[in-house]
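Each chain is listed here by its residues.
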Amino acid sequence: MRAIIDYIKSIIEGIRTLLKGMSVTGYYITHPREIITQQYPENRETLEMFDRFRGEVVLTHTEANEHRCTGCSACELACPNGTIEIISKREEVDGKKKKVIDKFMYNLSMCTFCNLCILSCPTDAIVMSKDFEHAVFDRSLLTKVLNKPGSKLMEGVR
Amino acid sequence: MGEAVKTVTNTPFEEQEYFINMGPQHPSTHGVLRLVLTLEGETIRKVEPHLGYIHRSIEKMCEKDGYKQIVHLTDRMDYLSAHINNEAVCLAVEQGMEVEIPERVKVIRTIIAELTRLASHQLWWGVMGMDLGAITTFLYGFRDREMINDIFEETCGARLTMNYNVPGGLMFDIHPNFVQRTKDFIAHFKKKLPEYDELLSGNIIFRKRTEGVGVLSKEDAISFGVTGPAGRASGFSCDLRKHAPYSAYDKVQFKEVLGTEGDSYARYKVRIQEMWESMAVIEQLIDNIPEGDFQAKTKAVIKLPKGEFYQKVETARGELGVYIISEGDKSPYRMKFRSPGFSNLSALDHMARGAKIADVVTIMSTLDLVIPDIDR
């Protein structure tokens, strides 16, 4: 007799615990304001990433198509994965030969977004952009040349 | 005529062992861990973990990288306690550098480490429910974890692999919103954590599947080297925040959560309690972050003197040890990580023997294994 009572008690207790859990989910069904889901592709226009978000490395250019990169290769040395490669060339400026960057190569597919290149840059030429949609259909598109064609070093940066 | 054919006794069921592979791609292994289960009927006779599916030779890669570059590699070991791994490496390197770390750095590191622990336990709670068949918990765990991820994203720049530490301090100062966001989160989570108990802790199905499953005695926990919440649930007092305080843990008051039973439910309870303790630690520190620099002055290229440096920290899973042998160069001669996941996994075979197949999922889940941490 004792066993039967215990058995029935355990069933009732079990149902009670299940209903207790259900009451939590029931609360959220009746309070849709507390649901925090973001509708991602629809909210693209309003979606704003945080300032420090590490999307990808970009070389900042002014409106006059000038950048601040002197080609010192500090970022290339700081990078743990060989993501950055700076190809420089000698150019004659005012009769003097000067080292300027030819191509700032950046391989996004190898980047681990550790931010060490940004910290190492002495002239603040490169920054991390907030763009995070990097998907492409061809792997070769991920190797980018960051300096825009025809761009040159900003006056006064050395 | 010919020789007699070998006679076989006609028994309907022969006693023999039966092997199945659990993994490498199995939803409950949370990664690529292959377990070879030796079964007798549905009872486990032996569990043999096969590792190496996500081995990236992080220790070897450290030997070619500079000390600043090593830090980001450790994000990829135990990715759920990324900040704590970074901190361990930085503390070990700072031992060799012999620099004075500003108080501000120590406090911020501790706050973010506790936030990481909370995020890790929230994810574990959600995934544990899902492993046992309750998909609802996954969504609730991630809802609260999202707030922590936002804090990380705003201050550190990334959500999971943060790389916020550099040897000598922090990469940036904290964001102006950091304090307010953390306070908001604590206020929010204090209301939501009791929901976790209502949803899962009392649930009859959950209780029946965890209580008495995978019992690990205190002696076994010590001999297998099981640390972290899994070890503490067996009564093994192993919280390094108490026993070998680093950063700002010597300034805060908190309780080391200890269990007695050592079963899956005890491990579950310890983690839930630890979330309360982590919140208590953050609350003590968040209002009085000392002013000062966020970085000590260091050289551009760090070179450690010849010698050996060891630092152990408490990650969300247990004791992480970082051992550096330096020959005086700008990269270590040898780097060794004592990862908590590897030692905790070694006890799996002992705990699962005699249990049923479904219990292996429970035991693995409560050990909270992160496979990249095991393989490295």
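Residues numbered from 1 in each chain as written. Chains lettered and ligands numbered in written order. Predicted model: local features only at pLDDT ≥ 70, side-chain atom pairs only at ≥ 80, totals over all residues. Heavy atoms only, no water.

### Here's the deal with the overall build of chain A
Line of reasoning, step 1. When helices and strands are tallied, chain A shows three helices and seven strands.
Line of reasoning, step 2. Secondary structure elements of chain A occur, N-terminal to C-terminal, as α-β-β-α-β-β-α-β-β-β.
Line of reasoning, step 3. In chain A, which comprises 158 residues, the share counted as buried stands at 33%.
Line of reasoning, step 4. Considering only contacts in chain A between residues 6 or more positions apart, those separated by 24 or more positions represent 70%. (Helix = DSSP H or I, 4+ residues; strand = E, 2+ residues; numbered from the N terminus. Buried < 20%, exposed > 50% of the residue type's maximum accessible area, 1.4 Å probe, protein only. Contact = heavy atoms within 4.5 Å.)

### Focus on the overall build of chain B
Line of reasoning, step 1. Within chain B, the secondary structure is distributed over 15 helices and ten strands.
Line of reasoning, step 2. Referenced to the eigenvectors of the C-alpha coordinate spread, the extents of chain B come out at roughly 95 × 50 × 35 Å.
Line of reasoning, step 3. Classification of the 376 residues of chain B by burial places 59% in the buried group.
Line of reasoning, step 4. Counting every atom, chain B has about 15500 Å² of accessible surface; 53% of that belongs to carbon and sulfur. (Areas by Shrake-Rupley, 256 points an atom, 1.4 Å probe, with all protein chains shown as cover.)

### A closer look at the sheet that holds strand 3 (residues 84-93) of chain A
Residues and elements named next belong to chain A.
Line of reasoning, step 1. Spatial ordering of the open sheet is given by 3-4-6, a layout of three strands whose pairing is antiparallel. Pairing within the sheet leaves two strands with one partner each, and these edge strands are strand 3 and strand 6 (143-145). The mean inter-strand angle of the sheet, taken between neighbouring strand axes irrespective of direction, is 25°.
Line of reasoning, step 2. Here strand 3 runs beside strand 4 (residues 96-107); their pairing, made up of ten bridges, is antiparallel. Directly across from Ser88, in strand 4, lies its bridge partner Ile101. (Pairing = 2+ DSSP bridges. Axes fitted to C-alpha atoms, helices over the stretch in contact; angles between N-to-C directions.)

### Examining the interface of chain B and chain A
Line of reasoning, step 1. Residue-level contacts link 33 residues of chain B with 26 residues of chain A.
Line of reasoning, step 2. On the chain B side of the contact with chain A, B:Gln69, B:Glu153 and B:Glu198 bury the most area, a combined 20% of that side's loss.
Line of reasoning, step 3. Seen at the junction of chain B and chain A, the total is zero salt bridges.
Line of reasoning, step 4. Taken together, chain B and chain A are joined by 15 residue pairs in polar contact (both at pLDDT 80 or more).
Line of reasoning, step 5. For the side of chain B that touches chain A, the secondary structure elements donating two or more residues are helix 2 (67-74), helix 5 (135-155), helix 6 (178-201) and helix 7 (204-210) of chain B.
Line of reasoning, step 6. The residue makeup of the side of chain B that touches chain A, split by class, is ten nonpolar, ten polar and 13 charged. (Buried area = accessible area lost by both parts, 1.4 Å probe. Salt bridge = Lys/Arg side-chain N within 4 Å of Asp/Glu carboxyl O. Polar contact = N/O pair within 3.5 Å; in protein donor to acceptor, adjacent residues only side chain to side chain. Nonpolar A, V, L, I, M, F, W, Y, C, P; charged D, E, K, R; others polar.)

### Let's talk about the domain arrangement of chain A
Line of reasoning, step 1. Structurally, chain A comprises domain 1 (2-34) and domain 2 (57-153).
Line of reasoning, step 2. On a C-alpha basis, the centres of domain 1 of chain A and domain 2 of chain A stand 60 Å from each other. (Domains from an automatic or database assignment.)

### What to know about helix 5 of chain B
Residues and elements named next belong to chain B.
Line of reasoning, step 1. Compared with an ideal rise of 1.5 Å per residue, which puts 21 residues at 30 Å, helix 5 spans 31 Å between its outermost C-alpha atoms and is within 8% of the ideal.
Line of reasoning, step 2. At Arg145, helix 5 is deflected by roughly 25°, the largest bend along its length.
Line of reasoning, step 3. At the exit of helix 5 stands Gly157, carrying a positive phi of roughly 100°. (Expected span 1.5 Å × (residues − 1). Bend = angle between axes of the 7 residues up to and from the residue.)

### Examining the packing of helix 5 of chain B against helix 6 of chain B
Residues and elements named next belong to chain B.
Line of reasoning, step 1. With their axes 10 Å apart at the nearest point, helix 5 and helix 6 run at an angle of 170° to one another. What the angle tells us is that helix 5 and helix 6 run roughly antiparallel. Between helix 5 and helix 6 lies a crossing of left-handed hand. Counting all contacts with helix 5, which are made through Thr137, Tyr140, Gly141, Arg143, Asp144, Met147, Ile148, Asp150, Ile151, Glu154 and Thr155, the residues of helix 6 involved are Phe178, Arg181, Thr182, Asp184, Phe185, His188, Phe189, Lys192, Glu195, Tyr196, Leu199 and Leu200. (Parallel < 35°, antiparallel > 145°, perpendicular 65-115°, else oblique. Left-handed = near helix turned anticlockwise from the far one by under 90°.)

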